[in-house]
Number of protein chains: 2
Amino acid sequence: MSLSMYGVSVPVYTRQLNNLLNILDKAEAYAAERKFDVAVLLASRLAPDMLPLTKQVQIATDHVKGSLSRLAGKPVPSWADEEVTLDDLRARIRKALALLAEVTPAEIDGSEERPITLKLGGHDIVQPGQAYLLGIAMPNFYFHVTTAYAILRHNGVPVGKRDFIGG
Amino acid sequence: MSLSMYGVSVPVYTRQLNNLLNILDKAEAYAAERKFDVAVLLASRLAPDMLPLTKQVQIATDHVKGSLSRLAGKPVPSWADEEVTLDDLRARIRKALALLAEVTPAEIDGSEERPITLKLGGHDIVQPGQAYLLGIAMPNFYFHVTTAYAILRHNGVPVGKRDFIGG
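Residues numbered from 1 in each chain as written. Chains lettered and ligands numbered in written order. Predicted model: local features only at pLDDT ≥ 70, side-chain atom pairs only at ≥ 80, totals over all residues. Heavy atoms only, no water.

A.B. asks: Kindly report on the environment of lysine 35 of chain A, identifying the contributing residues and their values.
C.D. replies: By the element assignment, lysine 35 of chain A lies in the loop between α1 (5-34) and α2 (39-42). It is 30 Å that separates the C-alpha atoms of lysine 35 of chain A and arginine 15 of chain A, two residues lying 20 residues apart in sequence. (Helix = DSSP H or I, 4+ residues; strand = E, 2+ residues; numbered from the N terminus.)

A.B. asks: Describe the interface of chain A and chain B, listing the residues and the values that go with them.
C.D. replies: With 34 residues of chain A at the interface, the matching set in chain B holds 34 residues. When chain A packs against chain B, close to 3100 Å² is buried across both sides, 63% of that on carbon and sulfur atoms. Looking only at chain A, the three residues that lose the most surface to chain B are Leu3, Phe143 and Arg153 of chain A, adding up to 21% of its buried area. Summed over the shared surface of chain A and chain B, the result is 2 salt bridges. Residue aspartate 49 of chain B is joined to arginine 153 of chain A by a salt bridge in which the shortest nitrogen-to-oxygen separation is 3.5 Å. Those elements that place two or more of their residues in the side of chain A that touches chain B are α1, α6 (129-154) and α7 (161-165) of chain A. (Contact = heavy atoms within 4.5 Å. Buried area = accessible area lost by both parts, 1.4 Å probe. Salt bridge = Lys/Arg side-chain N within 4 Å of Asp/Glu carboxyl O.)

A.B. asks: Requested: an account of the packing of α1 of chain A against helix α4 (residues 86-102) of chain A, with residues and values cited.
C.D. replies: All names here are of chain A. The contact between α1 and α4 brings their axes to 10 Å, and the two run at 165°. Considering their axes alone, α1 and α4 lie roughly antiparallel with respect to each other. As α1 runs across α4, the sense of the crossing is left-handed. Across the interface between the two elements, Val10, Tyr13, Thr14, Leu17, Asn18, Leu20, Leu21, Leu24, Asp25 and Glu28 of α1 pack against Leu86, Arg90, Ile93, Arg94, Ala96, Leu97 and Leu100 of α4. Taken together, the residues of the contact of α1 with α4 sort by class into 11 nonpolar, 2 polar and 4 charged. (Axes fitted to C-alpha atoms, helices over the stretch in contact; angles between N-to-C directions. Parallel < 35°, antiparallel > 145°, perpendicular 65-115°, else oblique. Left-handed = near helix turned anticlockwise from the far one by under 90°. Nonpolar A, V, L, I, M, F, W, Y, C, P; charged D, E, K, R; others polar.)

A.B. asks: Account for the relation of the copies chain A and chain B, naming residues and giving values.
C.D. replies: Note on the copies: chain A fits chain B at an RMSD of 0.0 Å, the axial shift is 0.0 Å, and the rotation between them is 180°. Interpreted geometrically, this transformation is the action of a two-fold axis. By residue overlap, the copies meet face to face through one surface: 100% of the interface positions of chain A are interface positions in chain B. (Least-squares fit on C-alpha atoms with pLDDT ≥ 70 in both.)

A.B. asks: Run through the environment of threonine 104 of chain B, naming residues and quoting values.
C.D. replies: Residue and element names in this part refer to chain B. The residue threonine 104 is located in the loop between α4 (86-102) and α5 (105-108) in this model. By relative accessible area, threonine 104 is classed as partly exposed at 35%. Sequence-wise, threonine 104 and serine 2 are 102 residues apart; in three dimensions their C-alpha atoms are separated by 16 Å. (Buried < 20%, exposed > 50% of the residue type's maximum accessible area, 1.4 Å probe, protein only.)

A.B. asks: Describe the packing of aromatic side chains, and please don't skip the residues or the numbers.
C.D. replies: One pass over the full model with this rule turns up 13 aromatic pairs over all chains. Between phenylalanine 143 of chain A and tyrosine 149 of chain B, the ring centres sit 5.2 Å apart and the planes meet at 70°, which makes this aromatic pair edge-to-face. Remark: tyrosine 149 of chain B occurs in helix α6 (residues 129-154) and phenylalanine 143 of chain A occurs in helix α6; the pair is interchain, linking two chains. Of the two residues, phenylalanine 143 of chain A and tyrosine 149 of chain B, neither departs from the other in class, the shared state being buried. Three or more aromatic residues joined by ring pairs make a cluster, and in this case those are Tyr13, Phe141 and Tyr142 of chain A together with Tyr13, Phe141 and Tyr142 of chain B. Directly above the ring of tryptophan 79 of chain A sits lysine 65 of chain A, whose terminal nitrogen or CZ lies 5.5 Å from the centroid. (Phe/Tyr/Trp six-rings, centres within 6.5 Å; stacked < 30°, edge-to-face > 60°. Lys NZ or Arg CZ within 6 Å of the ring centre and 35° of its normal.)

A.B. asks: Tell me what's going on with α4 of chain A, and back it up with residues and numbers.
C.D. replies: All names here are of chain A. Its 17 residues place the ends of α4 25 Å apart at the C-alpha level, agreeing with the 24 Å of an ideal helix rising 1.5 Å per residue. Among the residues of α4, those classed as buried are Leu86, Leu89, Arg90, Arg92, Ile93, Ala96, Leu97, Leu99 and Leu100. Buried-residue contacts for α4 involve α1, α2 and α3 (53-71). (Expected span 1.5 Å × (residues − 1).)

A.B. asks: So what's going on with the side chain of asparagine 140 of chain B? Residues and values would help.
C.D. replies: For asparagine 140 of chain B, the location among the structural elements is in helix α6. Side chain to side chain, asparagine 140 of chain B and lysine 161 of chain A meet in a polar contact 2.7 Å long. A polar atom in the side chain of asparagine 140 of chain B sits 2.9 Å from the backbone oxygen of isoleucine 136 of chain B. Excluding anything up to four places from it in sequence, asparagine 140 of chain B contacts Lys161 and Ile165 of chain A together with His63 of chain B. (Polar contact = N/O pair within 3.5 Å; in protein donor to acceptor, adjacent residues only side chain to side chain.)

A.B. asks: Which residues make up empty space enclosed by the protein, and what values do they have?
C.D. replies: For the coordinates displayed, the defined rule picks out 2 cavities of 30 Å³ or more. There is about 120 Å³ of room inside the largest cavity. In this structure, the largest cavity is lined by Val8, Val12, Leu134, Met138 and Tyr142 of chain A together with Val8, Val12, Leu134, Met138 and Tyr142 of chain B. Looking at the lining of the largest cavity, its residues break down into 10 nonpolar, no polar and no charged. Estimated volume of the second largest cavity: approximately 30 Å³. Considering the residues around the second largest cavity, the lining is formed by Gln16, Asn19, Leu20, Ile23, Val145 and Phe164 of chain A. In terms of residue count, the dominant contributor to the lining of the second largest cavity is α1 of chain A (4 residues). A class-by-class count of the residues in the lining of the second largest cavity yields 4 nonpolar, 2 polar and no charged. (1 Å grid on protein atoms, 1.4 Å probe; cavity = no way out; pocket = protein on both sides within 12 Å on 5 of 7 lines; lining within 4 Å. Points joined across faces, edges and corners; volume = space filled by probe spheres on them.)

The following block contains the structure:
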C-alpha cells in the first residue's frame, strides 16, 4: 500500500497515544507503590522554564486535533486546558483517540498540497499540507510525547524505550 | 507532490540533524560561558539507567543510516561508536548528513512493501518498509533527538522548542 497522508499520521498518532496511556498507568502504579500523590508527577518539569507533564500531554493532543482538522479542511475543535488529575489527562488522550478513530482516509488523503493557514505571532503562515504535517505537526507531536516520557523517566518511573515505541 | 518514502524520511532526518548541530553549538557556548568542560554535558543523562547524550546522538544517526540503507536494499554501513569529544559527535552527525545528501528518491521510493529484516533478540523480524519506517525508525529517531535536546535543556543550556523544530 503506498503512503498516504492518513497512513503517515493517524496510525502513528494512535500508536503513540496508546503507548502514552500505558506509560501513565506505570506512573500511577509507581506513585502508589512509593506512596506519593501522582499529581506531583503531573506538575514535574525537566527545567524550571519548561512545561510540566500535564501541558506536554495537552499540547501533544492539540497537534493531533489541529493537524487532522486542518488537513481535512474542518474547523479545529477547541478543548479547554482544564485537566487537573491523571484521570482528566487520560480522558483528554481518549478524546484524541476517539477523534483519530473517526477520521477517514477520504477526509485527509490528497491533502499534500492543500494550503494550511497557521497563526504564528499574529501573522498568517500558509504552507502546503505535506510541509505542515511533516515539518510542524509531527515533530511537535513527537517532541511532546517524548518529553512526557522523559519527565516520568527522570522522576524514577520504571519505563523503558519499549514502552515508548510500543508493539 | 504526493507523499513518498523519500519525502517522509530524508527531509525530516536532514532538518532534525541540522537542528541538532545548532543545539550542540549552543551547548558548547553555554559550557564556555559557564567555564565547565562540555564533556560533562556529553556524559549527562536524564536518569541513571538512561543513556547519555553521546549515545543518544549515536543511536539517532544509526536509525538514519539503518533505515535508508535497508529501504534501499543495501548493506547497513557499520560506524564504530568511538565518539569522545563534541567535535567527534559533530563529525558523526555530518557523516549522517552526507549519507542523506547521497540518497536519491529512486533508491527508496516504492519501498513501502519491500520486506525489511531486523534482528531483534536473536530472531529475524520481517516487516514491510512502510511499517518499519513509520513504526520503528522514525519514532526511534525522534525519541533520541528529543532526548538529546532534553538532556541539554535539563542541564541549563538555553535552547527552546524553536531550536528543535527549526525553520
